[in-house]
Amino acid sequence: HLIKHGKVIPSVNVDRLWALVSEQTRQYYKEHTDKAPVIDVLKAGYMKVTGKGQLPEQPVIVKARYFTKEAEVKIKEAGGVCVLCA
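Before going into details, it helps to say that this report is about the structure given with it. Each chain carries its own residue numbering, running from 1 in the direction its sequence is written. The predicted origin of the model limits local features to residues at a pLDDT of at least 70 and limits the giving and counting of side-chain atom pairs to 80 or more, whereas totals for whole chains, interfaces and linings rest on all residues. Hydrogens are left out, water is left out, and the side-chain values use all remaining heavy atoms of the structure.

**What about the nonpolar core?**
Membership of the largest hydrophobic core comes to 17 residues, with the highest contact counts inside it found for Leu17, Val41, Val49, Leu55, Val62, Phe67 and Ile75. By definition, any uninterrupted DSSP run of H or I lasting at least four residues is a helix, any uninterrupted run of E lasting at least two residues is a strand, and each is numbered from the N terminus. Among the secondary structure elements, those contributing two or more residues to this core are strand S4 (61-64) and helix H2 (69-77). Whether two residues are in contact is decided by their heavy atoms, any of which lying within 4.5 Å being enough. Ignoring any residue separated from it by four or fewer positions in sequence, one finds Leu55 in contact with Val14, Leu17, Trp18, Val60, Lys74, Ile75 and Ala78. Definition of nonpolar core: a set of buried residues of the types Ala, Val, Leu, Ile, Met, Phe, Trp, Tyr and Cys, connected through side-chain atoms within 4.5 Å. Whether a residue is buried, partly exposed or exposed follows from its accessible area with a 1.4 Å probe, protein chains only, as a fraction of its type maximum: under 20%, in between, or over 50%, in that order.

Here you go:
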């Protein structure tokens, strides 16, 4: 079959990353700063993380298939890590 939308990549902005985890998780990692939460955007149905918006100054580990340069810079400035998943 011919797939006309083969290049569609669902993306999420940096400012929406914390919306993918629950409020309870957010409060827990605010108090326990020695650990960082893992946000897997692939499980939420997204593949790409783009750099629009601000990220709170809280370290976070983000797993995604694609990152834009702006998103990578903003996550690393907040003390986080970008993990590429195939």
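Structure shown, so let's carry the discussion forward.
**Details of the side chain of Gln58**
Within the secondary structure layout, Gln58 lies in the loop between strand S3 (48-50) and S4. Leaving out residues up to four positions away in the same chain, Gln58 has contacts with Trp18, Arg26, Tyr29, Lys30 and Ala78.

**What to know about the environment of Lys52**
Tracing the chain through its elements places Lys52 in the loop between S3 and S4. Residue class for Lys52 comes out exposed when judged on its relative accessible area of 55%. Residues Lys52 and Thr68, spaced 16 residues apart in sequence, show a C-alpha to C-alpha distance of 9.9 Å. Residue contacts for Lys52: discarding those within four places in its chain leaves Asn13, Val14, Asp15 and Lys74.

**Structural notes on the pattern of salt bridges**
We count a salt bridge whenever a side-chain nitrogen from Lys or Arg sits within 4 Å of a carboxyl oxygen from Asp or Glu. According to the stated counting rule, one finds two salt bridges in the structure shown. Glu23 is paired through a salt bridge with Arg26; the nearest N and O atoms lie 3.8 Å apart. Separated by three residues within a single helix, Glu23 and Arg26 lie in helix H1 (residues 23-31), roughly one turn from each other. By relative accessible area, which is 27% here, Arg26 ends up partly exposed.

**Describing the packing of aromatic side chains**
Pairing of aromatic rings covers Phe, Tyr and the six-membered ring of Trp, with a centre-to-centre limit of 6.5 Å; geometry is then stacked below 30 degrees between planes, edge-to-face above 60, and tilted otherwise. All chains considered together, the criterion is met by one aromatic pair. Here Tyr28 and Tyr29 contribute two aromatic rings whose centre-to-centre distance is 5.1 Å and whose plane-to-plane angle is 85 degrees, an arrangement assigned as edge-to-face. Taking the relative accessible area as the measure of exposure, Tyr28 reaches 35% and is therefore partly exposed. Accessibility expressed as a relative area gives 17% for Tyr29, which makes it buried.

**Things to note about the sheet that holds S3**
Strand pairing in a sheet relies on backbone hydrogen bonds. The paired strands run either parallel or antiparallel. With parallel pairing, three strands are arranged side by side in an open sheet as S1-S3-S5. Lying at the two open borders of the sheet, with one neighbouring strand each, are strand S1 (11-13) and strand S5 (66-67). The pairing criterion for strands is at least two bridges between them, as found by DSSP. Sheet topology note: the S1/S3 ladder contains three bridges and is parallel. Note that in S3 the partner of Asn13 across the bridge is Thr50.

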